Structures are given as structure tokens and as C-alpha cells.
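Residues per chain are reported as follows:
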Amino acid sequence: MRRLSRRSEKSAAPSISDFDLCGYLGAGGYGMVLVASHRRVGRQYAIKVIDKRILLSQNQTSSIYHEKEVLARVEHPFIVALRYAFQTEDHLCLALNYEPGGNMYSDLQRGPY
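In this convention, every chain numbers its residues from 1, walking through the sequence in written order. Residue-level local features of this predicted model are given only where pLDDT is at least 70; pairs of side-chain atoms are given and counted only at 80 or more, and the full residue set underlies all totals for whole chains, interfaces and linings. The side-chain values count all of the structure's non-hydrogen atoms but skip hydrogen atoms and water molecules.

Q: Even after reading the chapter, I still don't get the overall build of the chain, so can you show me in this structure?
A: Where helices and strands are cited, they refer to DSSP runs of H or I of at least four residues and of E of at least two residues respectively, numbered from the N terminus. Within the chain one finds four helices and five strands. Each helix and strand of the chain, placed in order from N terminus to C terminus, yields the pattern α-β-β-β-α-α-β-β-α. Think of it in three bands: with a 1.4 Å probe and only protein chains considered, a residue is buried below 20% of the maximum accessible area for its type, exposed above 50%, and partly exposed in between. By residue count, 27% of the 113 residues in the chain fall in the buried class. Here, residues are in contact when the closest pair of their heavy atoms is within 4.5 Å. A separation threshold of at least 6 residues defines the contact pool for the chain, and within that pool the share at least 24 residues apart is 49%.

Q: For this particular structure, what's the right way to read the sheet that holds strand β5 (residues 91-97)?
A: Whether parallel or antiparallel, the strands of a sheet pair through hydrogen bonds between backbone atoms. Should DSSP find at least two bridges between two strands, the strands are taken to pair. Read across the sheet, five strands follow the order β1-β2-β3-β5-β4 without closing on themselves; strand pairing throughout is antiparallel. Both edges of this open sheet fall to β1 (19-27) and β4 (82-87), since each of them pairs with a single strand only. Shown here is a sheet whose adjacent strand axes are inclined to one another by a mean of 25 degrees, direction ignored. Taken together, the seven bridges between β1 and strand β2 (residues 31-38) define a ladder with antiparallel strand orientation. The residue bridging Gly 26 from the neighbouring strand is Val 33, located in β2. For every element, the axis is a line fit to its C-alpha atoms; helices are fit only across the contacting stretch, and the angle between N-to-C directions ranges from 0 to 180 degrees.

Q: Even after reading the chapter, I still don't get unusual backbone geometry, so can you show me in this structure?
A: At Asn 59, a position not held by glycine, the phi torsion is positive, near 55 degrees. Note on placement: Asn 59 falls in the loop between α2 (52-57) and α3 (61-73). With a relative accessible area of 62%, Asn 59 lands in the exposed category.

Q: Looking at this structure, how should I read the environment of Ala 85?
A: By secondary structure assignment, the location of Ala 85 is in strand β4. The class for Ala 85 is partly exposed, based on a relative accessible area of 38%. Residues Ala 85 and Lys 48 lie 37 residues apart in sequence; the distance between their C-alpha atoms is 9.5 Å.

Q: Whenever I open this one, the pairing of strand β3 (residues 44-51) confuses me. Can you help?
A: Across a regular strand the side chains alternate sides, sitting on one face of the sheet and then on the other. The buried fraction of β3 amounts to six of the eight residues, a majority that puts the element mostly inside the structure. Examined bridge by bridge, β2 and β3 share seven bridges and lie antiparallel to one another. Counted as the bridge partner of Gly 31 is Ile 50 from β3. From the end of β2 to the start of β3, which pair antiparallel, there are five residues, and Gly 42 there has a positive phi angle of about 80 degrees.

Here it is as C-alpha cells:
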């Protein structure tokens, strides 16, 4: 299986139909996070699916835009990298590297590190 470089991964313009949805990871105030496999690349991603109606009703469009911009620019070992951003008619989708092993929020609920 050929791996794409980070640069060529970001330059592709995928849609939700380029992914096979594999499972549910969690939910938040604006939507949910799904694990999905990219059909062409063959990698798994965590896709944050954000409901546009909720964003509009809560006047949060600028915060999601800023989140996307920051994730697209930041390279840090403790921040999951954004690989793709796209939208459907009803949802905004941020595809990030999938890092198995749980989430920090749940870990912190059990106590400090």
C-alpha cells in the first residue's frame, strides 16, 4: 500500500463518499466523531462531523473556522493533525489522524496523570 506524503494528503479534496465509516468514537456539543477508512489512501481517520444547524443556532461558526485553521497549521506531537476538511449539505467534516487508545477527556475523569 502506497502512503502519501503529508503534503499530497492535504492537497486532495475528498468528500464523505471517499471514506468507509467504521465506528463511533464519541459525541460533543456540535456533533460526533467517527472512525473511518479512506478508500484511496487506506488509512484510518477520526472524522469530526459537525452539524451546521447547531453551529448556526449557537452562533459558533467563527469558533469552528478558527479550530480548523489552527489544526491545519499546527505541527506538534501532542495535537492530532488535521488531514482533510470538507462539507456535506448538513455537516462540516474535519478528518484528523486516528490515534487509537481513548481520549484525554475520559482519562482526566479518572484522575490526574
